[in-house]
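# Architecture at a glance
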Amino acid sequence: MIESQRIWQLIGPNYVPIDWQLDFKSGYRWRENIWHRSISFGRLPGVDIKVPWELGRMQHLPTLALACHFARTEAPGFRVAAEYVQEFRNQVLDFIATNPPGFGVNWSCAMDVAIRCANLLVARDIIMASGEHLDDVFERVLTASILAHARYVVKNLEWSPVYRGNHYLANIVGLLFAATYLPKSDEVDGWLAFSVQELVAEVDYQFHEDGSNFEASVCYHRLSAEMVLWGFALLSNLPAEKLAALTQQDVHHRKKVSRLRSGSWEMHPVPGSDRVSPVPSWCWERLAKMADFTQALTRPDGAVTQFGDNDSGRFLVIGSGEQIRADNDPAACAWSLDHGSLLAGIRAILADGSHNTAYDDPAAHIIRAFAGLYPTDRTATFALPATDSSGGRCVGDAQVWADHMRRFENTPQTRRWKSHFSAKPSGLLNEMTYQAFMGMGCFVFRSPRVYLAVRCGEIGISGLGAHAHCDQLGIELVLDGVDHVRDPGTCIYTASMEKRNAYRSATAHHVPRVKGREPANLNLGPFDLRGGAEGECLYFGSKGFIGRHSGYGAWVYRIVALEDDGISVLDFTEGELLLADPTPLPLPFSSGYGYPVSHAPSPP
């Protein structure tokens with residue numbers, strides 16, 4: 001208490017304190033004197049712990065720091081730089097004074113602690129790089145807080161032998177930021193080596209070879225890829241003493257962190273520079289493929305398809321172009337579903353000159369500077385792996401297609417259903433390309449007039465399905481710029497289990513439907529779909545798509561036939577199941593977490 005009072009006395013005048021424990025939407029407030037392991041949530045209707053968690057991640061501070069930078073350049077519309085520095089200083093001191101380590105809602109999840117750590121440090125770096133000064137007293141308080149953040153993360157790693165995902169990845173990257181910033185010690189050197197070891201391992205574990213993420217969610221793919229991007233950028237610009245800590249055979253610090261292997265790290269070239277880092281070349285190739293996946297799942301309107309959960313989660317949000325394209329409105333579709341800044345950031349750090357827009361996003365310039373890659377050299381390019389979008393990843397053959405079309409025709413009417421989406425004039429198949437991501441199970445057809453995405457694959461997180469929906473064999477379809485089928489999103493998590501289940505149920509998606517039944521158990525918990533059937537692709541190629549799953553007990557099949565004047569969707573089963581109309585229920589469209597809006601796809 002005495003320490004908190006001392007820190008509070010450092011806050012400048014006229015500051016308005018922030019209630020960091022408050023869910024301002026419901027009015028419910030957690031308490032800052034409750035030990036983090038005693039914090040409970042998800043028990044009161046309408047109360048959402050994500051509200052204070054998002055605020056406590058401090059992701060607004062880098063934006064505040066950028067305002068300081070623009071004020072220093074005398075850009076119009078900004079106050080004097082000192083005001084932004086003072087507000088940054090006051091908010092950080094306010095948080096530290098009123099959120100003692102290990103207590104309160106903002107220390108109840110190691111992921112949020114790690115993300116806050118990274119945002120605090122990046123905001124500080126931007127302020128310092130702008131030419132402003134932070135006093136020594138504040139710097140000592142901040143350093144002590146970052147040390148407390150790192151120690152908390154290490155003691156509360158969200159690791160599991162099987163069911164680990166984006167939370168653990170955030171732990172590792174946040175710890176990497178702390179270990180890079182803090183002065184050298186055996187403890188800090190151990191954290192640095194451990195975070196490098198685990199980051200490389202998790203890229204391999206959590207991202208498939210085709211670049212797709214293993215959580216069965218397009219939006220969580222963006223969150224996790226963003227962590228990898230910033231982690232690799234940080235490792236591309238390590239100070240000499242930090243590189244030495246990784247290359248020396250000093251093993252004293254290795255006793256400080258469990259699961260840290262012995263030995264030094266081999267250094268590898270950083271793309272587009274003459275420097276080295278501990279990031280192997282295959283990791284950079286995997287990062288490039290992460291961008292390929294996001295690009296493929298981006299609709300013609302610039303928004304991604306929402307297969308799986310979307311909680312609008314980010315790691316670092318710095319001058320991102322989607323904020324500009326959303327007119328700075330968090331409720332706008334682009335705010336959460338425009339993933340262009342991820343693409344721009346990856347292509348910028350890889351110096352991929354094949355994409356003219358790689359440097360157009362403000363965040364892309366910042367991340368290159370963060371990685372020490374300025375001045376921009378657009379001639380230095382990284383050899384990106386070629387992406388085959390013309391059918392090289394086909395599944396099945398003409399005989400498989402013909403056999404299943406015949407089986408559909410021979411199935412009794414009660415056990416099959418046909419949906420057709422027509423288009424005029426004909427010519428839909430002109431310039432059609434197709435791309436498969438077998439890892440997550442996403443199949444994309446694209447032409448100047450068609451965008452069609454099919455979901456068929458894993459449950460996610462090694463079968464846990466924490467962020468998966470009952471969307472196996474589901475489609476998203478845009479014809480001539482008109483939405484015919486669109487995934488409604490996620491809406492909410494623990495604040496309402498009724499809404500949570502409504503948005504992840506089969507009735508929310510255009511999937512083969514058995515009336516009154518779900519293909520997975522929605523009652524296991526808000527982040528558990530274990531036992532749900534995986535989808536199996538039987539055909540993917542120029543004729544369309546065929547897949548199946550056994551979530552209803554017997555096999556159900558879906559054929560998506562590409563036709564010159566439309567798209568036909570044929571569902572059938574060979575069991576005793578009675579198939580129903582697959583048209584989704586008209587749920588309000590949710591483009592981001594907590595933002596349901598009245599929306600219905602445009603009529604055919």
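My aim in this report is to walk through the structure given alongside it, one point at a time.

What counts as what
- Residues numbered from 1 in each chain as written.
- Predicted model: local features only at pLDDT ≥ 70, side-chain atom pairs only at ≥ 80, totals over all residues.
- Heavy atoms only, no water.
- Pairing = 2+ DSSP bridges.
- Helix = DSSP H or I, 4+ residues; strand = E, 2+ residues; numbered from the N terminus.
- Axes fitted to C-alpha atoms, helices over the stretch in contact; angles between N-to-C directions.
- 1 Å grid on protein atoms, 1.4 Å probe; cavity = no way out; pocket = protein on both sides within 12 Å on 5 of 7 lines; lining within 4 Å.
- Points joined across faces, edges and corners; volume = space filled by probe spheres on them.
- Nonpolar A, V, L, I, M, F, W, Y, C, P; charged D, E, K, R; others polar.
- Buried < 20%, exposed > 50% of the residue type's maximum accessible area, 1.4 Å probe, protein only.
- Contact = heavy atoms within 4.5 Å.
- Core = buried A, V, L, I, M, F, W, Y, C linked by side-chain atoms within 4.5 Å.
- Left-handed = near helix turned anticlockwise from the far one by under 90°.

## Here's the deal with the sheet that holds strand 11 (residues 544-549)
Spatial ordering of the open sheet is given by 3-13-12-11-10, a layout of 5 strands whose pairing is antiparallel. Each end of this open sheet is capped by a strand with a single partner; those strands are strand 3 (416-422) and strand 10 (536-541). Neighbouring strand axes in the sheet, compared pairwise and without regard to direction, differ in orientation by 10° on average. As paired elements, strand 12 (residues 556-563) and strand 13 (residues 566-573) share 8 bridges and run antiparallel to each other. When the sheet's bridge partners are listed, Leu562 is paired in strand 13 with Ile567.

## Re the layout of surface pockets
Computed from the structure, the largest pocket encloses a volume of approximately 770 Å³. If you trace the largest pocket, you find 21 residues lining it, with Glu54, Gln59, Pro330, Trp335 and Tyr595 closest to the centre. If you list the elements that add at least two residues to the lining of the largest pocket, you get helix 2 (50-56), helix 12 (321-325) and helix 13 (333-337). Here the element with the most residues in the lining of the largest pocket is helix 2; it accounts for 4 residues. Residues of the lining of the largest pocket, tallied by class, amount to 8 nonpolar, 6 polar and 7 charged. What the second largest pocket holds in volume is close to 670 Å³. Along the wall of the second largest pocket there are 32 residues; nearest its centre are Trp53, Cys109, Glu158, His167 and Phe527. Residues that form the lining of the second largest pocket fall into these classes: 15 nonpolar, 9 polar and 8 charged.

## Examining the environment of Gly592
The residue Gly592 is located in the loop between strand 15 (589-590) and strand 16 (596-597) in this model. Judged by its relative accessible area of 4%, Gly592 falls in the buried class. Through-space distance from the C-alpha of Gly592 to that of Ile492 is 9.0 Å; in sequence the pair is 100 residues apart. The contact partners of Gly592, leaving out residues within four places of it in the chain, are Asn310, Ser312 and Ser336.

## Overview of the nonpolar core
Counting residues in each nonpolar core, the largest one holds 113 residues, and the members touching the most others are Phe88, Phe177, Leu199, Phe232, Leu287, Phe315 and Ile349. Among the elements that make up this core, the one with the highest residue count is helix 5 (residues 110-129) (13 residues). Excluding residues within four positions of it along the chain, Leu199 makes contact with Leu169, Ile172, Val173, Leu176, Gly231, Phe232 and Leu235.

## What about the sheet that holds strand 4 (residues 433-437)?
Reading across from one edge, 4-5-6-7-8 is the order of the 5 strands in this open sheet, with antiparallel pairing throughout. Of all the strands in the sheet, just strand 4 and strand 8 (482-485) have a single pairing partner and so form its edges. When strand polarity is set aside, the average angle formed by the axes of neighbouring strands in this sheet is 15°. Inspection of the sheet shows strand 7 (residues 475-479) paired to strand 8 by 3 bridges, in the antiparallel sense. Opposite Leu479, over in strand 8, you have Val482 as the bridge partner.

## Brief notes about the packing of helix 5 against helix 7 (residues 166-181)
At a minimum axis distance of 8 Å, the contact between helix 5 and helix 7 shows a crossing angle of 35°. In the packing of helix 5 onto helix 7, the handedness of the crossing is left-handed. Two secondary-structure elements touch here, helix 5 through Ala110, Met111, Ala114, Ile115, Cys117, Ala118, Leu121, Val122 and Arg124 and helix 7 through Asn166, His167, Ala170, Asn171, Gly174, Phe177, Ala178 and Tyr181. Here the residues of the contact of helix 5 with helix 7 are counted per class, giving 12 nonpolar, 4 polar and 1 charged.

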